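Given next are the chains, with one letter for each unit.
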Amino acid sequence: MKVDKNNDKKELEITVEISWEELKPYLEEAAKKISKDVKVEGFRPGNVPYDVLKNKIGEMEILQEAANAAVGKTANKVLKDEIKEDEHLIGQPQVKITKIAVGNPVQYKINISLMPEIKLGKYRELGIKQKEVEIKDGEVEKVIVDLQNMRAKEKIADREVKDGDKVLVDIDMFLDKVPVEGGQGKGTAVMVGGDYIIPGFDKELIGAKKGDVREFKLPYPKEHFQKNLAGKMVEFKVKINEIYEREVPKANDEFAKTLGAKSMEEVGKQIKENLEAEQKQKTEQKTVLEIFEAILKNSTFSHMPETIVHTEAHNMIHELKHNVEQQGAKFEDYLAHIKKSTEDLEKELMPEAEKRVKTSLMIGEIVKLEKIKIEEKELNEAVEKQLAVYKDNSEMKQKANTPEFRDYLHYNLMNQKVVNKLKEWNVIS
């Protein structure tokens, strides 16, 4: 077996050549494996002679199976033999067969990204000020009103639309009499008294009866997220399908009991605490991002491993796909709505993916410089905590006991410890 190695400081490329003579045992094994699924008259499955099988399916198919087996058997040993201690790798090796032909050596290449040289910018005493958490009474009242609306009783009303009703409508939107792409909705629920779609839309339905069609124009706000509609006059055609009268419960102590509280005062207090916790979490996340930005701004990386950045972009797409599907939508429909292919989306996400990779590498460098460690006791406690959560789920409990899951927990604990240190070093009151 012939091995050549090339290190260009960004990527390690190892070229491996396996001679035809060395391939023969793999060819025999491959033929035996393939012959189990190929019917040849006069021979039992798994016992077809090599030459007979070769004439039946072609030697190239046997060679392909043999080459895959040979690569799988030799690649790990090659990596172990060829990688030096000072060659710090990142990510998974990419293995690809590059030459394959009957009677000739098989060649394959192993490509692995090399860790960039990182020069960290200042990461202590950055003087980041964290915003104070303040919940106003109006925010609490809004949540209470939402809770009231969620528990409203509804009944079909045989009358015209009034303020406070829920109306089921079919909507068609036009720009200069041309239908707006994605501007159609069937059986859409509109709460009269709330700004649905844009301010003023719901008010146009007041006074209409079931079966009526209302046509009107409304301007879209200039800052609207749909850039194709922002600042434009949009024509609406709305058909009334059904009208529901809504009886909204009063915000009193009886209502509080339906929420599991003794009084509205207790409900308000609990809502305020929840809003404070939510805002505090968002504020802390924003502060951490500010710290990361400040450090990265003055840090340098000798190069960025492209394969790692691409992998991160793929991960981001999978996260987005999961979120879209969690909301009951299809990812293909989402892509059609934003008029992008998966490739377009990946290209768009590349800058953010690169920033994520840089942040991860930056955290790793701080761990190294500050000699931050996760003690075995900390890790064991985290594992026990997860096992307690999964006590009624045997499958997840089994996963929580694997080395891979311990590695995952170790990674999360380390990240959290670094984040806590960065806040301690850089946030001022």
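Residues numbered from 1 in each chain as written. Predicted model: local features only at pLDDT ≥ 70, side-chain atom pairs only at ≥ 80, totals over all residues. Heavy atoms only, no water.

Description of the packing of helix α10 (residues 376–389) against helix α12 (residues 403–426)
We apply this condition: To obtain an axis, a line is fitted to C-alpha atoms, over the contacting stretch when the element is a helix, and the angle between two such axes runs from 0 to 180 degrees between their N-to-C directions. For the purposes of this entry, the term helix denotes a DSSP run of H or I that reaches at least four residues, the term strand denotes a run of E that reaches at least two, and both are numbered from the N terminus. In this scheme the handedness of a crossing depends on how the near helix is turned from the far one: anticlockwise by less than a right angle means left-handed, clockwise means right-handed. Any two residues having at least one pair of non-hydrogen atoms within 4.5 Å are treated as being in contact. We call Asp, Glu, Lys and Arg charged. Ala, Val, Leu, Ile, Met, Phe, Trp, Tyr, Cys and Pro are nonpolar, and the rest, Gly among them, are polar.
Across the interface, α10 lies against α12 with an axial gap of 10 Å and an inter-helix angle of 115°. For the pair α10 and α12, the sense of crossing is right-handed. Between α10 and α12, the residues in contact are E376, E378, L379, N380, A382, V383 and Q386 and F405, R406, L409, H410, L413 and K417, respectively. Here the residues of the contact of α10 with α12 sort into six nonpolar, three polar and four charged.

Examining helix α9 (residues 342–370)
The test is simple: One less than the residue count of a helix, multiplied by 1.5 Å, gives the span that helix is expected to have.
An ideal rise of 1.5 Å per residue puts 42 Å on 29 residues; α9 measures up with 40 Å between its terminal C-alpha atoms. Phi for K371, located one or two positions after α9, is positive at around 55°.

Here we look at the packing of helix α7 (residues 306–326) against α9
Where we set the bar: Here is the rule for angles: anything less than 35 degrees is roughly parallel, anything more than 145 is roughly antiparallel, 65 through 115 is roughly perpendicular, and the remaining ranges are oblique.
Packing of α7 against α9 brings their axes to within 7 Å, and their N-to-C directions diverge by 115°. Relative to α9, the element α7 is oriented roughly perpendicular. Pair α7 / α9 crosses with right-handed handedness. Along the contact surface, α7 presents I308, V309, H310, E312, A313, H314, M316, I317, E319 and L320, while α9 presents T342, L345, E346, L349, M350, E352, A353, E354, R356 and V357. In terms of residue class, the contact of α7 with α9 is made up of 11 nonpolar, three polar and six charged.

Considering the nonpolar core
One broad trend across soluble globular proteins is that nonpolar side chains are buried collectively. As a reminder of what qualifies: Put simply, buried Ala, Val, Leu, Ile, Met, Phe, Trp, Tyr and Cys residues joined by side-chain atoms within 4.5 Å make one nonpolar core. Only protein chains enter the accessibility calculation, which uses a 1.4 Å probe; a residue is then buried when its area is under 20% of its type maximum, exposed when over 50%, and partly exposed in between.
Counting residues in hydrophobic clusters, the biggest one holds 43 residues, and the most contacted among them are F292, L361, M362, I366, V418 and L422. Listed by contribution, the elements that provide at least two residues to this core are α6 (264–297), α7, α8 (331–338), α9, α10 and α12. Looking at which element gives the most residues to this core, the answer is α9, with nine residues. Listed in part, the 29 residues of the second largest apolar core include L23, V40, V71 and L79.

Description of the packing of aromatic side chains
Stated formally: Planes of paired rings set the category: under 30 degrees apart is stacked, over 60 is edge-to-face and the rest tilted, where pairs are Phe, Tyr or Trp rings (Trp by its six-membered ring) whose centres lie within 6.5 Å. The rule is short: NZ of Lys or CZ of Arg within 6 Å of the ring centre and within 35 degrees of the ring normal puts a charge over the ring.
A full pass over the atoms with the stated rule returns six aromatic pairs. Look at Y123 and W425: their rings are 5.9 Å apart centre to centre, the planes differ by 50°, and that puts the pair in the tilted class. Here Y123, found in the loop between β5 (118–119) and β6 (128–129), pairs with W425, found in helix α12; they are 302 residues apart in sequence, far enough to count as distant. Judged on exposure class, the residue Y123 and its partner W425 are both buried. Centre to centre, the rings of F331 and Y334 are 5.9 Å apart; their planes meet at 20°, and the pair counts as stacked. Of this pair, F331 and Y334 both sit in helix α8, three residues apart, roughly one helical turn. Taking the relative accessible area as the measure of exposure, Y334 reaches 27% and is therefore partly exposed. Site record: aromatic cluster; members linked through ring pairs are F201, F216 and F236. Residue placement shows R124 over the ring face of W425; its charged tip is 3.9 Å from the ring centre.

Structural measurements only, silent on function.
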